[in-house]
Amino acid sequence: MYLSRFLSIHALWVTVSSVMQPYPLVWGHYDVCKTQIYTEEGKVWDYMACQPESTDMTKYLKVKLDPPDITCGDPPESFCAMGNPYMCNNECDASTPELAHPPELMFDFEGRHPSTFWQSATWKEYPKPLQVNITLSWSKTIELTDNIVITFESGRPDQMILEKSLDYGRTWQPYQYYATDCLDAFHMDPKSVKDLSQHTVLEIICTEEYSTGYTTNSKIIHFEIKDRFAFFAGPRLRNMASLYGQLDTTKKLRDFFTVTDLRIRLLRPAIGEIFVDELHLARYFYAISDIKVRGRCKCNLHATVCVYDNSKLTCECEHNTTGPDCGKCKKNYQGRPWSPGSYLPIPKGTANTCIPSISSIGTNVCDNELLHCQNGGTCHNNVRCLCPAAYTGILCEKLRCEEAGGCSSDSGQGPTPKGSVALLLPLFLTSLLLGTASSSGF
């Protein structure tokens, strides 16, 4: 009886655990840049790779439309209902709040039932193409961590391109093509992400999966980030070490998920038929109720905080790094070339801290991190060591009795090598080695 009850409870626990924990407990969250640990030499810093948390990046973007006057409502115009394209008594009026559809409604919080949306003017100038560019800019390099999701309130467009920029909009490259007929629209064979592999994950494809017109419950377009992660981490993203290893060693893969700007190019509205109905052009337009972009500031694994101030995102850099992306070493910390942090080994990774320059030792002899005052000395303002009464020297490395003519053998304090410079250099190198050995994190 007890055995059967135990087995039942165990089976229930396994089931609940599998539901509650679809992903591994230890991915390497990389939410701490450094921590203090105790060693034989006392309390020292242990450095880890670190990064900001993934968040909703639409809170920080700027949106631009091209052409700028493409939003409906100025002048007011009628358009056809979404569900019934031949009932054309709806009105868009920019001067009336409840009838206006400005761009910011693509990013407002709506809960479970979207009711607000941006809308373009109708295709009243047919056969001239109805095309719109929607540019999302962050003025900051960001790393995408989840699918880009665009929810249309109108029919999904017959033709669309999602593009990315890595240089703040100076140049663009396609992320994915969308069409009801890829061969006709873009001279590309249709594919889905499921047709890709580890070796072709960077291939730019055209998909027909998201381009049906006026179909019930068919409003969403995806750019599949997680499906691409899964080629390396497995279908449930359990083997994150494999993904992290690839991101560490393959710059093209890392850059693929990195952007400064996104551009949605709407090239042809949903037709739903073979031919455009020229008698009812008010049924053709674009309307977007929601855009989701989830990611994090790129800080090169040298920061956990990204602050938004004066409409600008900036990493709060650690590891003696600086710059908007923590992309260089601070002044006087250029003792070795700057390097991004590393995700491996899991769970801490490798910090790759910037270390003091040899030329800066004289003016910045201690910093409580890499260059420590010796023999109980304390670092004062990162400039000089305050030594106990029995010690002197730049890092409190010499006995005072030496300066008074030498230390007696019965004092228990033997002589030390003379010359503060000779002592400082090996001490500095030892500190560097200790700092390098303790660096790890993602």
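Our subject is the structure that appears above.
So, a few notes on the structure that sits alongside this text. Predicted model, so just to flag it, every value in this text is computed and none were measured. (Residues numbered from 1 in each chain as written. Predicted model: local features only at pLDDT ≥ 70, side-chain atom pairs only at ≥ 80, totals over all residues. Heavy atoms only, no water.)

Structurally, Arg 296 can be placed in strand E16 (residues 294-297). With no salt bridge to any partner, buried Arg 296 finds its closest opposite charge in Glu 143, at an N-O distance of 4.6 Å. Those residues in contact with Arg 296 that sit more than four places away from it in its chain are Gln 51, Pro 52, Glu 53, Ser 54, Met 57, Ile 142, Glu 143 and Thr 145. (Helix = DSSP H or I, 4+ residues; strand = E, 2+ residues; numbered from the N terminus. Buried < 20%, exposed > 50% of the residue type's maximum accessible area, 1.4 Å probe, protein only. Lys, Arg positive; Asp, Glu negative; His and termini not counted. Salt bridge = Lys/Arg side-chain N within 4 Å of Asp/Glu carboxyl O. Contact = heavy atoms within 4.5 Å.)

In this approach the atoms are scanned with a rolling probe the size of a water molecule, which exposes any empty space left behind. Here the structure, examined in full by the defined rule, presents one cavity of 30 Å³ or more. Roughly 30 Å³ of volume is contained in the largest cavity. If you trace the largest cavity, you find it lined by Tyr 60, Lys 62, Ser 137, Trp 138, Ser 139, Tyr 308 and Ser 311. In the lining of the largest cavity, the residues fall into three nonpolar, three polar and one charged. (1 Å grid on protein atoms, 1.4 Å probe; cavity = no way out; pocket = protein on both sides within 12 Å on 5 of 7 lines; lining within 4 Å. Points joined across faces, edges and corners; volume = space filled by probe spheres on them. Nonpolar A, V, L, I, M, F, W, Y, C, P; charged D, E, K, R; others polar.)

Evaluated as defined, the whole model comprises 14 aromatic pairs. When the ring of Tyr 60 is compared with that of Tyr 308, the centres are 4.9 Å apart and the planes differ by 55°; the resulting orientation is tilted. Taken together, the residues Tyr 60 in the loop between strand E3 (55-56) and strand E4 (62-66) and Tyr 308 in strand E17 (residues 306-309) connect sequence positions 248 residues apart. You can call Tyr 308 partly exposed: its relative accessible area is 39%. Judged by centre distance (4.9 Å) and plane angle (90°), the rings of Trp 123 and Tyr 126 are edge-to-face. Through pairs of rings, three or more aromatic residues link up here, namely Tyr 175, Phe 223, Phe 229, Phe 256 and Phe 257. Lying across the ring of Trp 45, Lys 34 places its NZ or CZ 4.4 Å from the centre. (Phe/Tyr/Trp six-rings, centres within 6.5 Å; stacked < 30°, edge-to-face > 60°. Lys NZ or Arg CZ within 6 Å of the ring centre and 35° of its normal.)

A word on the state of the cysteines. Evaluated as defined, the whole model comprises 10 disulfides. The partner cysteine of Cys 33 in its disulfide is Cys 50, sulfur to sulfur 2.0 Å. Judged by the sign of its S-S torsion, about 90°, the bond between Cys 33 and Cys 50 is right-handed. Highlighted residues: Cys 33 in the loop between helix H1 (2-20) and strand E1 (34-39) and Cys 50 in the loop between strand E2 (42-47) and E3, separated in sequence by 17 residues. In this pair, the class of Cys 33 matches that of Cys 50, namely buried. In this model Cys 317 forms its disulfide with Cys 326; the gap between the sulfur atoms is 2.1 Å. Handedness of the Cys 317-Cys 326 disulfide follows from its S-S torsion of about -95°: it is left-handed. (Disulfide = S-S within 2.5 Å.)

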